[in-house]
Amino acid sequence: MKKLNLLWVLLLALLTVFNIDQASARQTTQEDTTAVDMGDIEFTTIGSKEDSIANNIKADTAVAKADSVKTDGKATTAADADNKTKTLWQTFIEGLLGGFLAFLMPCIFPMVPLTVSYFTKRAESRQKGIMKAVIYGLSIIVIYVAVGLIITLAFGSSMLNELSSSGIFNILFFLLLVFFAFSFFGAFEITLPSSFVNKIDKKADNSSGLGGIFFMAASLALVSFSCTGPIIGTLLVQASAKDEILAPAVGMFGFALALALPFTLSAIFPGFLNSMPKSGGWLNSVKVCLGFLELALALKFLSSADLVWHWEWFDREIFLVLWIVIFAMMGFYLLGKLKFSHDSDLAYISVPRLMLAILSLSFAVYMVPGLWGAPLKVLSGLAPPMHTQDFILREHKGAAASTASLDFPKQVKHGDVLPAPHGFNVFFDLDEGVAYAKSVGKPIMLDFTGWTCVNCRKMEDDIWIDETVGKIIRDEYVLIQLYVDERKVKMPADKVHYSKYLKGETNDLGRWNQDFQATKYGANSQPYYVLVDHQLNPLVPAQGAIFDAKKYTAFLQSGVDKFKTINE
């Protein structure tokens, strides 16, 4: 939560500026408008301690004594619970922002006065009108949350995790978001079958009481689908990729809450309706800007597919060039230099609109140094990892070669397929890494990671480049990265076995590593850092992502200290 998704922050800025823009424009213009259950496993994020118990998975006798196993189990459970809470809150806030932006769409915003007027005029008293408006708002929430629950029940956490690390999934979502972007640009409208919408409208007109109000809310959801569909689709795409079973429902709850609040508040406080900006051409400008942001987000999924399938063409430079062009074009659009078919004439550039254009163009300029290898921390986790960069002008701070790594093998197993983070020596095979650690007398850092793991890339791009963190990892540990979604590397016959956790064979490196993490350490989230000795016993409680260099340094140092104490 320290660094909320960049795109949602820009969306919030967009919402604020356009409201201010319209408020200033109202002073000079007068416009009259009318207004799961998946198998026997209950997942947390990829194979929990509870999963291991349910599958009768016993702890390896070499892992630890009984008391240390309990301690590690508590630590793991607490870390997983904290990560789940952060994920759900982040998803809720993203949904909330998406709902406020959907409210500003041309399909919804002008309907507020009409809808509120309907309730206030047909009610016998103001109190009953307010009550009906509240029920209307709650109906909107129920409808959208139901969509999130359907996604949850249909796929479940395990399926969502498999999908999020699938190249096909990422390509399909890339195409879907590009489709949404073109819709926002005005190329076409996404509409539901008119016969279906008309039936709901007719049901709302003929019904009375709570049923009629519910069908009115359903009618709003269907009629406004051409505007809200892309936002809902994007929200569900992001929520589905978070490896948390409740994320789709929580995201839709935030979306529906933000969408329903203005309708309800307008009925309770009529003055709130009068203070709202007039509808007009600015609504189309919001829609187009969202199209630019959808297009930028789509490239993240294309990058994930490139990494999973080892295409090795959509590297960091290409990604940054496209983002630079997209945000520069958005800035020019806000300045009136670009115009789409459904845009109204722009008589002048207001100050708030100018400020947003400056923000967009400045962000484009900010990304330019990244073409020569600048870290660009704001984009960590979104942009492709640094190892895809073809040209780096100079080494990053803390990325200097370690003298302790002079005897490191020139070629490691799977090194031709799996890339090491820039500036680090890494093993990708567990046995090879353990053998090397024994030969040099160092503790081992197991890094359970994945191609599509956003937080893994954030840790490598933001925290590992810290001088102190990088020095400890390079000089004090033998780093073994275990990819849980690597499908290209196949396991030898003597390594393949049936996994109760996966309910299938560990026939590729990713499935073998995933099973190893779940059965050995009772965890399923990535990144997951386990500091172990040469028998793979945890030295200290394992940790997930820690986006604080000092805290992460303390965690790493505690493992070094414990290892030295044991071997004294």
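Reading the values: the criteria
- Residues numbered from 1 in each chain as written.
- Predicted model: local features only at pLDDT ≥ 70, side-chain atom pairs only at ≥ 80, totals over all residues.
- Heavy atoms only, no water.
- Helix = DSSP H or I, 4+ residues; strand = E, 2+ residues; numbered from the N terminus.
- Buried < 20%, exposed > 50% of the residue type's maximum accessible area, 1.4 Å probe, protein only.
- Areas by Shrake-Rupley, 256 points an atom, 1.4 Å probe, with all protein chains shown as cover.
- Pairing = 2+ DSSP bridges.
- Disulfide = S-S within 2.5 Å.
- Salt bridge = Lys/Arg side-chain N within 4 Å of Asp/Glu carboxyl O.
- Axes fitted to C-alpha atoms, helices over the stretch in contact; angles between N-to-C directions.
- Parallel < 35°, antiparallel > 145°, perpendicular 65-115°, else oblique.
- Left-handed = near helix turned anticlockwise from the far one by under 90°.
- Contact = heavy atoms within 4.5 Å.
- Nonpolar A, V, L, I, M, F, W, Y, C, P; charged D, E, K, R; others polar.
- Core = buried A, V, L, I, M, F, W, Y, C linked by side-chain atoms within 4.5 Å.
- pLDDT = per-residue confidence, 0-100.
- Phe/Tyr/Trp six-rings, centres within 6.5 Å; stacked < 30°, edge-to-face > 60°.
- Lys NZ or Arg CZ within 6 Å of the ring centre and 35° of its normal.
- Expected span 1.5 Å × (residues − 1).
- Polar contact = N/O pair within 3.5 Å; in protein donor to acceptor, adjacent residues only side chain to side chain.

Asker: Any chance you could explain the overall build of the protein chain here in plain terms?
Answerer: Assigned secondary structure in the protein chain consists of 19 helices and 5 strands. Of all 568 residues assigned to the protein chain, the portion counted as buried reaches 55%. Approximately 25,100 Å² of the protein chain is accessible, and the part contributed by carbon and sulfur atoms is 62%.

Asker: How should the pairing of strand 2 (residues 478–483) be read in this particular structure?
Answerer: Regular strands place their side chains on alternate faces of the sheet. Among the 6 residues in strand 2, 6 count as buried, and that is most of the element. Residues Val478, Ile480 and Leu482 line one face of strand 2 and the alternating positions Leu479, Gln481 and Tyr483 line the opposite face, and both faces are buried. In this sheet, strand 2 lies alongside strand 1 (residues 444–449) in parallel orientation, the contact comprising 6 bridges. Paired with Leu446 across the bridge in strand 2 is Ile480.

Asker: Sorry if this is basic, but what is going on with the state of the cysteines here?
Answerer: Throughout this description, disulfide means a covalent bond between two cysteine sulfur atoms. In total, this model carries 1 disulfide according to the counting rule given. Bridging Cys453 to Cys456, the disulfide has an S-S length of 2.2 Å. Taking the torsion about the S-S bond as the criterion, the Cys453 to Cys456 disulfide, at about 80°, is right-handed. The class of Cys453 is buried, set by a relative accessible area of 11%. Using a relative accessible area of 1% as the deciding quantity, one classes Cys456 as buried.

Asker: Teacher, can you tell me more about the pattern of salt bridges here?
Answerer: Proximity of charged atoms lets side chains of opposite charge pair with each other. Enumeration over the complete set of coordinates arrives at 5 salt bridges. Here Lys413 makes a salt bridge to Asp429, at a shortest N to O gap of 3.9 Å. With Lys413 in the loop between helix 14 (351–367) and helix 15 (430–440) and Asp429 in the loop between helix 14 and helix 15, the pair connects residues that are 16 residues apart, well separated along the chain. Owing to a relative accessible area of 11%, Asp429 belongs among the buried residues under this scheme. Of the charged contacts, one joins Asp431 and Lys495 as a salt bridge, the two residues approaching to 2.7 Å between their closest N and O atoms. Of this pair, Asp431 sits in helix 15 while Lys495 sits in the loop between strand 2 and strand 3 (498–499); the two residues are 64 residues apart in sequence, bridging distant segments of the chain. Judged by its relative accessible area of 23%, Lys495 falls in the partly exposed class.

Asker: Is there a simple way to think about unusual backbone geometry in this case?
Answerer: Both trends apply: most residues other than glycine have a negative phi, and most peptide bonds are in trans. Residue His310 is not a glycine yet carries a positive backbone phi of 60°. Relative to the assigned elements, His310 resides in the loop between helix 12 (281–308) and helix 13 (316–334). His310 sits in the buried class, given a relative accessible area of 14%. Notably, Leu536 is not glycine yet its phi reads approximately 65°, a positive angle. The residue Leu536 is located in the loop between strand 5 (528–532) and helix 19 (549–566) in this model.

Asker: It is not clear to me how the packing of helix 13 against helix 14 should be interpreted in this structure. Could you clarify?
Answerer: Packed helix pairs are specified by the crossing angle of their axes together with the interaxial distance, meaning the distance between the axes. Running from N to C, helix 13 and helix 14 cross one another at 165°; their axes reach a closest spacing of 8 Å. As summarised for this structure, helix 13 and helix 14 are arranged roughly antiparallel, according to the angle between their axes. In the crossing of helix 13 with helix 14, the sense of the turn from one axis to the other is left-handed. Residues Leu320, Trp323, Ile324, Phe327, Ala328, Met330, Gly331, Phe332, Tyr333 and Leu334 of helix 13 pack against Arg353, Leu356, Ala357, Ser360, Leu361, Phe363, Ala364 and Met367 of helix 14. Of the residues assigned to the contact of helix 13 with helix 14, the class counts are 15 nonpolar, 2 polar and 1 charged.

Asker: Can you walk me through the nonpolar core in this structure?
Answerer: Taken as a class, soluble globular proteins show a tendency for nonpolar side chains to be buried jointly. Counting residues in each nonpolar core, the largest one holds 52 residues, and the members touching the most others are Met445, Leu446, Trp464, Tyr552 and Leu556. Beyond its immediate chain neighbours, meaning those up to four positions away, Trp464 contacts Pro421, Phe424, Met445, Asp447, Met459, Val469, Gly470, Ile473, Leu479, Gln481, Tyr529 and Tyr552. Core analysis: the next-biggest nonpolar cluster, separate from the first, contains 41 residues, Ala305, Trp323, Leu376 and Ala383 among them.

Asker: Help me out: how do you make sense of the confidence of the model for the protein chain in this one?
Answerer: Parts of the prediction with low pLDDT should not have their coordinates interpreted in detail. A residue-level look at the protein chain finds 63% of positions with pLDDT of 70 or above and a mean pLDDT of 74. The model gives residues 1–77 a pLDDT under 50, and that stretch makes 160 contacts with residues more than four places away or in other chains. Contacts of residues 397–404 to residues separated by more than four positions or lying in other chains number 13 contacts, the stretch itself having pLDDT below 50.

Asker: Any chance you could explain the packing of aromatic side chains here in plain terms?
Answerer: The geometry of two aromatic rings is summed up by the distance between their centres and the angle between their planes. Under the criterion given, the structure shown has 31 aromatic pairs. Aromatic pair Phe408 and Tyr436: ring centres 5.5 Å apart, planes at 70°, arrangement edge-to-face. With Phe408 in the loop between helix 14 and helix 15 and Tyr436 in helix 15, the pair connects residues that are 28 residues apart, well separated along the chain. Overall, Phe408 belongs to the buried group, its relative accessible area being 16%. Here Phe427 and Tyr436 contribute two aromatic rings whose centre-to-centre distance is 5.1 Å and whose plane-to-plane angle is 45°, an arrangement assigned as tilted. On the basis of relative accessible area, Phe427 is assigned to the buried category, the value being 1%. Of the residues examined, Tyr436 reaches a relative accessible area of 13% and is grouped as buried. Taken together, Trp309, Trp311, Trp313, Phe314, Phe319, Trp323, Phe327, Phe363 and Tyr366 form an aromatic cluster joined through their ring pairs. Over the aromatic face of Phe547 sits the side chain of Lys458, whose NZ or CZ is 5.9 Å from the ring centroid. Over the face of the ring belonging to Phe424 we find Arg474, whose NZ or CZ atom lies 5.1 Å from the ring centre.

Asker: What's the story with the pairing of strand 5 in this structure? I'm lost.
Answerer: The element strand 5 is extensively covered by neighbouring structure, given that 5 of its 5 residues are classed as buried. Burial of strand 5 is two-sided: the residues Tyr528, Val530 and Val532 facing one way and the residues Tyr529 and Leu531 facing the other way are all buried.

Asker: In this structure, what is going on with helix 18 (residues 509–521)? I would like to understand it.
Answerer: Spacing of three or four residues puts side chains on the same side of an α-helix, whose turn is 3.6 residues. Along its 13 residues, helix 18 runs 17 Å from first to last C-alpha, staying within 8% of the 18 Å computed at 1.5 Å per residue. Among the 13 residues that make up helix 18, 12 are buried, leaving the element largely enclosed by the rest of the structure. Of all the positions in helix 18, only Leu509, Gly510, Arg511, Trp512, Asn513, Gln514, Asp515, Phe516, Gln517, Ala518, Lys520 and Tyr521 are classed as buried. At the N-terminal boundary of helix 18, the capping side chain belongs to Asp508, with an oxygen 3.1 Å from the backbone nitrogen of Gly510. One or two steps after helix 18, the chain reaches Gly522, where phi turns positive at roughly 60°.

Asker: Quick question: what am I supposed to make of the sheet that holds strand 1 here?
Answerer: Paired through their backbone hydrogen bonds, the strands of a sheet run either parallel or antiparallel. Read from one edge to the other, the open sheet built from 3 strands follows the order 2-1-5, with strand pairing classed as mixed. Both edges of this open sheet fall to strand 2 and strand 5, since each of them pairs with a single strand only. When the angles between neighbouring strand axes are averaged without regard to direction, this sheet yields 20°. Note that strand 1 and strand 5 share 5 bridges and pair antiparallel. Its bridge partner being in strand 5, Ile444 is matched across the sheet by Val532. Together, strand 1 and strand 2 form the strand contacts of helix 15, whose direction differs from that of strand 2 by roughly 170°. Strands in contact with helix 19 are strand 1 and strand 5; relative to strand 5, the strand with the most contacts, it is inclined by about 30°.

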